[in-house]
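Take a look at the letters that make up each chain.
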Amino acid sequence: MQRFFTLLALFVYFGSNAQVTQEIFESFKLQERRDVQYYFPETYTAEKKYPIIVVLDGEYLFDQVVANAKFYSNFHGMPEAIVVGVNQSKNNLRNQDCAFEPDSGLPNEKGKLFFEFLGMELIPYLETKFSTAPFKMFVGYDITANFGNFYLFKDDSLFNAYISISPYLAPEMETRVPSRLSVMKKKIFYQLILEGEKSENSNRVLALDQNLKGMKSDNLHYFFDKYENADHISVATYGIGKAFDNIFGMFKPISPKEYKEKILTQVGPVFDYLADKQASIENLFGFRKTTSLNDIMAIYAASRKKEDFESLKPLSDLCKKEYPNTMLGFYFEAEYYEQLGEPKKALRTFEKAFGMEEIDFLTKEMALEKIDALKADFGY
C-alpha cells in the first residue's frame, strides 16, 4: 500500500502538558513537503473525542486559535479540541494554494490539489492516528477564508463550522454560498467577520451578509460581526474569540438571561430544555457532555418556580448517573415523592440522600431537616 505521507518529526508523547509540535508533512497530492503544526490539549487521552480545527495561514492564526481554544475549553465554553495549522507564508504559498480561476471562481489546478490535500490526506491522518470527534471547523483569513467556502459545494460538507475572516471572495461567491447553504441538510455554523475599513471587497462581504441573513434554514447557524475600529490586518485578532463564543454557545452554562427568556417561558416540562441541549451536543459532536452543576441547578430552580415537579424525576435520574456519589439524585427524587404526596417514599429517599456526599447548596443538614419535618407531619 502506497504511503501518502512521511513524518519527518517525532510526534509528541501525550503527558501532562499541552503539546504543540511542528512537522514536515510530505503530501502525495501536492508532491510537496508542507510545514504543519499541531496543538493537543493538556489532558489528551484516547478515551475522549476531540473536534478538529483546521487553520490556514498557520504562521499568523494558529497561535490565536490555540489560545482561544484553551481559554474556552478551560471555562466550559467549548470542548477541548485538536488544532492543526497549515503554514503558507513562504514562497507565496497561500496565494498558490487558494487561487481560483478569474472567470469561473473555482479553484485552479493547484487549488484543487490543495483542496484534496486537506480533505484526503491531512484530516484523514488525524482521524486515523488520534481520537477525534466528527465535528470539524475551518478557520481562514482573506483569500484562505474564501477557500473554505469550496468545501460547502461537496455533497457532504467536510466542515461543520466555518470562521471566515474578511474573505477575499471569488466571483459570485456572495450568491453561491447562500444558495448552497439554503439546501444543506447538514447543520452548519458560519461565522463571517469584517473590518470597518472600506474597500471594494468589503462591499461584497456585506452583500454576502445580507444574503445569508435573508435565508430561512433550520440547518444554518449564521453569525456576522463587524469591527468598526479594525483595519484589514488587525481584524484577524478581533473576531476569533467572539466566533468561538457563537459557534460553541451550546456548551456554555445556562445564563440568567437564558433561564428567564427560554427556560421559564418554555411550554412543557423544563427538563426537556436540558435534554434537548444534551442531545444536540451528542448528535453534533459525537460524545456526551457531563452536565454542569450550573445547568442542573437552573433546571431544578425552574421546576420549583413553575411547580413542574414531574421534571424532578428525570433530573434525579440524570444526577444519579453523572454525580453518583453525591446527594443530588436522591435529594431531587425525594422532593419529587414529597410533591407527589408519597411521604413514606420521600422519607426513605431523603434518608438515602443524607448518607451521600454534600454538593453545591445541598447539605446533610438540609436532608435532616426534611427528614425531621416528614416524621413530625406524619408521625413516623
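Structure: above.
Okay, so let's go over this structure. Predicted, not measured: the structure shown is a model, and the values here were computed from it.

Calculation rules
- Residues numbered from 1 in each chain as written.
- Predicted model: local features only at pLDDT ≥ 70, side-chain atom pairs only at ≥ 80, totals over all residues.
- Heavy atoms only, no water.
- Helix = DSSP H or I, 4+ residues; strand = E, 2+ residues; numbered from the N terminus.
- Buried < 20%, exposed > 50% of the residue type's maximum accessible area, 1.4 Å probe, protein only.
- Contact = heavy atoms within 4.5 Å.
- Expected span 1.5 Å × (residues − 1).
- Arc of directions from axis to C-beta.
- Core = buried A, V, L, I, M, F, W, Y, C linked by side-chain atoms within 4.5 Å.
- Pairing = 2+ DSSP bridges.

What to know about the overall build of the protein
Regarding its fold elements, the protein presents 15 helices and eight strands. Overall size of the protein, expressed as C-alpha extent along the three principal axes, is 85 × 50 × 40 Å. Considering the protein as a whole, with its 380 residues, one finds that 52% of them fall into the buried category. Nonlocal contacts in the protein, meaning residues at least 24 apart in sequence, comprise 71% of its contacts between residues at least 6 apart.

As for helix 6 (residues 200–213)
Here helix 6 contains 14 residues, and its C-alpha end-to-end distance of 20 Å stays within 8% of the 20 Å for a straight helix at 1.5 Å per residue. Among the residues of helix 6, those classed as buried are Asn201, Ser202, Val205, Leu208, Asp209 and Leu212. Buried residues of helix 6 fall within an arc of 110 degrees about the axis and therefore sit on the same side. For helix 6, the exposed residues lying more than 90 degrees away from the buried face are Glu200 and Gln210. At its buried positions, helix 6 is contacted by helix 5 (173–182), strand 7 (188–195) and strand 8 (220–227).

Looking at the nonpolar core
Of all hydrophobic cores here, the largest spans 50 residues; its most connected members are Leu118, Leu181 and Tyr190. Examining the composition of this core, we find that eight residues originate from one element, helix 3 (residues 109–129), more than from any other. Setting aside residues no more than four positions away along its own chain, Tyr190 makes contact with Asn149, Leu152, Tyr162, Ser164, Val177, Leu181, Leu208, Leu212, Leu220, His221, Tyr222 and Phe223.

Concerning the pairing of strand 4 (residues 82–86)
Burial analysis of strand 4 places five of its five residues in the buried class, the great majority of the element. Neither face of strand 4 is left uncovered, since the one carrying Ile82, Val84 and Val86 and the one carrying Val83 and Gly85 both have all their residues buried. Where strand 2 (residues 32–40) and strand 4 come together, four bridges link them in antiparallel fashion. Bridging from a neighbouring strand, Tyr38 pairs with Val84 of strand 4. With four bridges joining them, strand 3 (residues 50–55) and strand 4 adopt parallel strand pairing. Counterpart to Val55 in the pairing with strand 4 is Gly85.

Examining unusual backbone geometry
One non-glycine residue, Asp57, adopts positive backbone phi at about 55 degrees. With respect to the helices and strands, Asp57 occurs in the loop between strand 3 and helix 1 (58–74). A positive phi is found at Asn92, a non-glycine position, where the angle reads about 60 degrees. You can see Asn92 is positioned in the loop between strand 4 and helix 2 (93–97). Look at Asn92 and you get partly exposed, because its relative accessible area is 43%.

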